[in-house]
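Residues per chain are reported as follows:
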Amino acid sequence: IHDIDGDGCIVDNCANAVVENNLVTQCVTRLHSSAKMAVGLFNWNSDDTYFQFNEVYDIQIGGTEAYNDGQGIEIDALNDRTWVQYNYVHDNRGGFMMFCTIGNAIRGYDYVVRYNISQNDYAHPRQGVFDIYADSHNSAVYNNTLYLTERKMPVWVCISTSMGRIRVSHVLFMIEKIVPLTRFL
């Protein structure tokens, strides 16, 4: 999946989708300035989705005034049971990963992000390398490795409002300088 105007791959309103063994690069290349949001891989309103064994890199942020997205992978809203595992995500303008659930009406459940490598993923100053919005309930982030360099955004996770019971454990950070790891908005 290469040289795409917007999102690389969208899983929308599906059950049991498996997105695997893809090379996703240079998405959001010609997004109009009014359309500011796109990512490499994401799902919306889907159940039992797997994103695994993918390489996602060089995802840009759309438009001249963009402030969101540009991540390698995003779990958007209204999803139940999404696994993001065994992916190599690197050099993305908006960071590694985002949980994009917004408020009680647009929530999600049971996300698992595990066994991934994020390397040199940048993040816009408003979001972290891993951006977590509210209401991602009963979710877990564990056994991931993140390589951060001095030239990249110094915040690992950016949390907007409540985390909705997300467990984070066994995340290995390889950092070239001391940086703040968390910011709450």
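These remarks concern the structure in this document. (Residues numbered from 1 in each chain as written. Predicted model: local features only at pLDDT ≥ 70, side-chain atom pairs only at ≥ 80, totals over all residues. Heavy atoms only, no water.)

So, the overall build of the protein chain
Each helix and strand counted, the protein chain has zero helices and 21 strands in total. A separation threshold of at least 6 residues defines the contact pool for the protein chain, and within that pool the share at least 24 residues apart is 82%. Taken as a whole, the protein chain presents about 8200 Å² of accessible surface, with 53% of it coming from carbon and sulfur. (Helix = DSSP H or I, 4+ residues; strand = E, 2+ residues; numbered from the N terminus. Contact = heavy atoms within 4.5 Å. Areas by Shrake-Rupley, 256 points an atom, 1.4 Å probe, with all protein chains shown as cover.)

Things to note about the environment of glutamine 119
In this structure, glutamine 119 sits in strand E13 (residues 117-119). Sequence separation of glutamine 119 and valine 89 is 30 residues, and the distance between their C-alpha atoms is 6.5 Å. Sequence-distant contacts of glutamine 119, defined by excluding residues within four places in its chain, comprise Tyr88, Val89, His90, Asp91 and Tyr147.

A word on the sheet that holds strand E20 (residues 172-175)
Judged by pairing direction, the sheet is parallel, and its seven strands sit side by side in the order E1-E4-E7-E10-E13-E17-E20 without closing on themselves. The sheet is open, and its two borders are formed by strand E1 (2-4) and E20, each paired with just one other strand. Averaged over all adjacent pairs, the angle separating strand axes in this sheet is 15°, with direction ignored. As paired elements, strand E4 (residues 23-27) and strand E7 (residues 55-57) share three bridges and run parallel to each other. If you follow threonine 25 over to E7, its bridge partner there is tyrosine 57. (Pairing = 2+ DSSP bridges. Axes fitted to C-alpha atoms, helices over the stretch in contact; angles between N-to-C directions.)

Some remarks on the side chain of threonine 101
Among the secondary structure elements, threonine 101 is positioned in the loop between strand E11 (97-99) and strand E12 (108-114). A distance of 2.7 Å separates polar atoms of two side chains, one belonging to threonine 101 and the other to serine 136. (Polar contact = N/O pair within 3.5 Å; in protein donor to acceptor, adjacent residues only side chain to side chain.)

Some details on the pattern of salt bridges
Considering all chains together, one arrives at one salt bridge under this definition. Notably, a salt bridge pairs aspartate 48 with arginine 81, separated by 2.7 Å at the nearest N-O pair. With aspartate 48 in strand E6 (residues 47-52) and arginine 81 in strand E9 (residues 80-85), this pair connects stretches of sequence that are 33 residues apart. The exposure class assigned to arginine 81 is partly exposed, which follows from its relative accessible area of 31%. (Salt bridge = Lys/Arg side-chain N within 4 Å of Asp/Glu carboxyl O. Buried < 20%, exposed > 50% of the residue type's maximum accessible area, 1.4 Å probe, protein only.)

Description of the side chain of asparagine 54
Mapped onto the fold, asparagine 54 is located in the loop between E6 and E7. Accessibility expressed as a relative area gives 2% for asparagine 54, which makes it buried.

Section: the environment of tyrosine 147
By the element assignment, tyrosine 147 lies in strand E17 (residues 145-148). According to the relative accessible area criterion, tyrosine 147 is partly exposed, its value standing at 32%. When sequence neighbours within four positions are dropped, the list of residues in contact with tyrosine 147 reads Ile117, Ser118, Gln119, Asn120 and Met174.

Concerning the environment of methionine 174
Positionally, methionine 174 belongs in strand E20. Classification of methionine 174 as partly exposed rests on a relative accessible area of 40%. Sequence separation between methionine 174 and leucine 146 is 28 residues, and the spatial gap between their C-alpha atoms is 6.1 Å.

A few points about the pairing of E6
Here three bridges tie strand E3 (residues 18-20) to E6, and the two strands are oriented parallel to one another. Paired with glutamate 20 across the bridge in E6 is glutamine 52. Bridge count for E6 against E9 is five bridges, and the pairing is parallel. Along E9, the bridge assignment pairs phenylalanine 51 with valine 84.

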